[in-house]
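Geometric and topological summary
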Amino acid sequence: MIQLYYAPGTISIAIAIALEEAAIAYETIKVDFASAAQTKPEYLALNPKGRVPALVTDGGQVLTETGALLEYVAALKPDAGLVPSTAEDAAHMRSVMYYIASTFHVAHAHKMRGSRWADQQSSYDDMTAKVPETMATCAAFVEESCFKGTFTCGDTFSIADPYLFLVCNWLSGDGVAVENYPRITAFLAHMDNRSSVKTIRKKGML
């Protein structure tokens, strides 16, 4: 059975939602960030990046990176329709995913992961102070450019949606007034109503 290494509330939960959507059986293994388990030799032997998610396939291969794992889930169950059928919509889906990985998630990480980019406490403080502004900029871009309908690719759910759902859930905690973004607000409500998200919440992962 597939094993998903995750931490509650992190981007790794996007993979769990996708697995639920595809009706793929999986086992979850919690990585305890409170005790910095992601930095310990046992986990680093599995994923030298020291981050989640990590996924162990039925064949024992370890896969990492959220976008890649979402694509993997979609490829395992093509009949689930988690990737749009048209080239244009599929490209749009991936453009949203790449934006999340390269910009949106990085802006959020500046709040608590400043040591990835700097060494001085003053630099950490400056990055943290900037987060509400940069995350609001990301939210504005998503609001204007990422939705083609109810979801990123219209009225059909795709693997971009659990990815976007997770980062949009961080906005409020990062000092962004989500109610100022009606399309994001509606998207979050639609996602919360999906059985996959309800299941993940019941499991205490989100």
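Structure report, in brief. (Residues numbered from 1 in each chain as written. Predicted model: local features only at pLDDT ≥ 70, side-chain atom pairs only at ≥ 80, totals over all residues. Heavy atoms only, no water.)

1. Digging into the pattern of salt bridges
Applying the stated criterion to the full structure yields seven salt bridges. Across the pair Glu20 and Lys203 runs a salt bridge whose closest N-O atoms are separated by 3.0 Å. Here the residue Glu20 occupies a position in helix H1 (residues 13–21), and Lys203 occupies one in the segment after helix H8 (195–202), the gap between them amounting to 183 residues. For Glu20, a relative accessible area of 25% gives the class partly exposed. For Lys203, a relative accessible area of 44% puts it in the partly exposed group. (Salt bridge = Lys/Arg side-chain N within 4 Å of Asp/Glu carboxyl O. Helix = DSSP H or I, 4+ residues; strand = E, 2+ residues; numbered from the N terminus. Buried < 20%, exposed > 50% of the residue type's maximum accessible area, 1.4 Å probe, protein only.)

2. Considerations on the nonpolar core
One finds Phe104, Leu164, Leu171 and Ile184 to be the most contacted residues of the largest nonpolar core, which totals 58 residues. The set of elements that each furnish at least two residues to this core consists of strand S1 (2–6), H1, helix H3 (66–76), helix H4 (87–109), helix H5 (121–145), helix H6 (160–169), helix H7 (182–192) and H8. Dropping the residues within four chain positions of it, Leu164 is found in contact with Ile100, Phe104, Val142, Phe147, Thr152 and Phe187. The next biggest cluster of nonpolar side chains, apart from the first, holds seven residues, and it includes Val31, Val52, Ala54 and Val56. (Core = buried A, V, L, I, M, F, W, Y, C linked by side-chain atoms within 4.5 Å. Contact = heavy atoms within 4.5 Å.)

3. Examining the sheet that holds strand S4 (residues 62–64)
The four strands are arranged S2-S1-S3-S4 in an open sheet whose pairing can be described as mixed. Of all the strands in the sheet, just strand S2 (26–30) and S4 have a single pairing partner and so form its edges. Within this sheet the neighbouring strands show an average axis-to-axis angle of 25 degrees, counted without direction. Judged from the five bridges that link them, S1 and S2 form a sheet pairing that is parallel. (Pairing = 2+ DSSP bridges. Axes fitted to C-alpha atoms, helices over the stretch in contact; angles between N-to-C directions.)

4. A closer look at the packing of H6 against H7
In contact at an axis separation of 10 Å, H6 and H7 are set at 115 degrees when each is read in the N-to-C sense. For the pair H6 and H7, the sense of crossing is left-handed. Within the contact between the two elements, H6 uses Asp161, Pro162, Leu164, Phe165, Cys168 and Asn169 and H7 uses Ile184, Phe187, Leu188, Met191 and Asp192. A per-class count over the contact of H6 with H7 returns eight nonpolar, one polar and two charged. (Left-handed = near helix turned anticlockwise from the far one by under 90°. Nonpolar A, V, L, I, M, F, W, Y, C, P; charged D, E, K, R; others polar.)

5. Quick notes on the pairing of S1
Among the five residues in S1, four count as buried, and that is most of the element. You can see the chain leave S1, run along H1 and come back into S2, and the turn it takes is right-handed. The sheet contact formed by S1 and strand S3 (residues 54–56) spans three bridges and is antiparallel. Across the sheet, Tyr5 pairs through a bridge with Ala54, a residue of S3. (Right-handed = clockwise from strand over helix to strand, strands pointing away.)

6. Re the state of the cysteines
The full count for this structure, using the stated rule, is zero disulfides. Take Cys146: it sits in no disulfide, and the sulfur closest to it among the cysteines is that of Cys168, at 8.4 Å. In this structure Cys153 is a free cysteine whose sulfur lies 10 Å from that of Cys146, the closest cysteine sulfur available. Taking the relative accessible area as the measure of exposure, Cys153 reaches 11% and is therefore buried. (Disulfide = S-S within 2.5 Å.)

7. What about the side chain of Ser158?
Checked against the element boundaries, Ser158 lands in the loop between H5 and H6. Among the residues examined, Ser158 registers a relative accessible area of 1% and is labelled buried. Separated by 3.5 Å, the side chains of Ser158 and Thr152 make a polar contact. Dropping the residues within four chain positions of it, Ser158 is found in contact with Leu82, Pro84, Met93, Thr152 and Cys153. (Polar contact = N/O pair within 3.5 Å; in protein donor to acceptor, adjacent residues only side chain to side chain.)

8. Examining H4
One turn of an α-helix holds 3.6 residues; hence residues three or four places apart share an orientation. Taking 1.5 Å of rise per residue, 23 residues should cover 33 Å, and H4 covers 32 Å from first to last C-alpha, within 8% of that figure. Bending of H4 peaks at approximately 45 degrees at the position of Ile100. For H4, the complete set of buried residues consists of Ala90, His92, Met93, Val96, Met97, Tyr99, Ile100, Phe104, Ala107, His108 and Ala109. (Expected span 1.5 Å × (residues − 1). Bend = angle between axes of the 7 residues up to and from the residue.)

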